[in-house]
Amino acid sequence: MSASLPYVLILYYSRHGATRAMAERLAAGVESVRGIEARLRSVPPVSPTCEAVDPEIPAEGAIYASLDDLRHCAGLAIGSPTRFGNMAAPLKHFLDGTSELWLGGALIDKPATAFTSTSSLHGGQESTLLTMLVPLLHHGMLYAGLPYSETELVETTSGGTPYGASHLAGKRSDRPLDERERHLAHAQGRRLARLALALSAMSREER
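Residues numbered from 1 in each chain as written. Predicted model: local features only at pLDDT ≥ 70, side-chain atom pairs only at ≥ 80, totals over all residues. Heavy atoms only, no water.

Asker: For this particular structure, what's the right way to read the pattern of salt bridges?
Answerer: Proximity of charged atoms lets side chains of opposite charge pair with each other. Under the defined criterion, the tally for this structure stands at nine salt bridges. The partner of Arg20 in a salt bridge is Glu24, and the shortest N-O contact between them spans 3.4 Å. Of this pair, Arg20 and Glu24 both sit in helix 1 (residues 18–30), four residues apart, which is roughly one turn of that helix. When its relative accessible area of 41% is taken as the criterion, Glu24 is described as partly exposed. A salt bridge links Arg71 to Asp68; the nearest nitrogen and oxygen atoms lie 2.9 Å apart. Of this pair, Arg71 and Asp68 both sit in helix 2 (residues 67–71), three residues apart, which is roughly one turn of the helix. For Asp68, a relative accessible area of 40% puts it in the partly exposed group. (Salt bridge = Lys/Arg side-chain N within 4 Å of Asp/Glu carboxyl O. Helix = DSSP H or I, 4+ residues; strand = E, 2+ residues; numbered from the N terminus. Buried < 20%, exposed > 50% of the residue type's maximum accessible area, 1.4 Å probe, protein only.)

Set out below in structure tokens:
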């Protein structure tokens, strides 16, 4: 990764790998745009016992995010499996700790989006995405979903919503992304990257 290029932060929590696979497709979409990079970061699980401490570096997948990853990003995508129609606790816990960035307005006017994975087709994909955008709006970010110019939105029989990419992982969370889900995740990453570059350029001109 070049230190000189802006980056889109793709921040996710994944229990069984489905959300991680989506994050990787978004990253491919970001990096299909010249002049910007994708930075994949994850969050550690949370525990009901205070004594539980997770290793500083996960055994697999992306390394854990820091506030600086958020502070310096040009755009943000957050991803989570659904938990009763909402984001999983580990991602919510991380976002709850971003008050420092909110107080300083670090994320104002940066583009953001969300993506999710569910085990059942009607297991809360859209409600999860809608609730995930709430903290982004509180940070002053500009939310970018998926437009219907992506015709896969009306053709899909699994995941895919105008609120963001989604994936039907199956009851054992072992169903791979199908062709339409892969396309929509890639398109979402590409759109976010283009918006991030445009808004970054506007910000530089204002300065």
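Asker: What should I look at first to understand helix 5 (residues 125–138) in this one?
Answerer: One turn of an α-helix holds 3.6 residues; hence residues three or four places apart share an orientation. Within helix 5, burial applies to Gln125, Thr128, Leu129, Met132, Leu133 and Leu136. The arc that holds every buried residue of helix 5, seen down its axis, measures 130°, which confines them to one face. Elements that come into contact with the buried residues of helix 5 comprise strand 3 (75–83), strand 4 (86–87), helix 3 (89–96), strand 5 (111–118), strand 6 (142–143) and strand 7 (166–168). Downstream of helix 5 by a residue or two, Gly140 has a phi angle that is positive, lying close to 80°. (Arc of directions from axis to C-beta. Contact = heavy atoms within 4.5 Å.)

Asker: Explain unusual backbone geometry to me, please; I cannot follow it from the model alone.
Answerer: Trans is the common state for peptide bonds, and a negative phi is the common state for residues other than glycine. For Phe84, which is not glycine, the phi torsion reads 55° and is therefore positive. Locating Phe84 in the fold gives a position in the loop between strand 3 and strand 4. Accessibility expressed as a relative area gives 90% for Phe84, which makes it exposed. Even without a glycine there, the phi angle at Asp109 is positive, about 70°.

Asker: Can you walk me through the nonpolar core in this structure?
Answerer: As a rule of thumb, soluble globular proteins bury nonpolar side chains together. In this structure, Val8, Ile10, Val30, Ile36 and Phe115 are the most contacted members of the largest nonpolar core, which totals 25 residues. The set of elements that each furnish at least two residues to this core consists of strand 1 (7–12), helix 1 and helix 7 (179–206). The greatest single-element share of this core, amounting to six residues, is contributed by helix 7. One finds Tyr7, Val43, Ala88 and Leu101 within the second-largest nonpolar core, a separate group that totals 23 residues. (Core = buried A, V, L, I, M, F, W, Y, C linked by side-chain atoms within 4.5 Å.)

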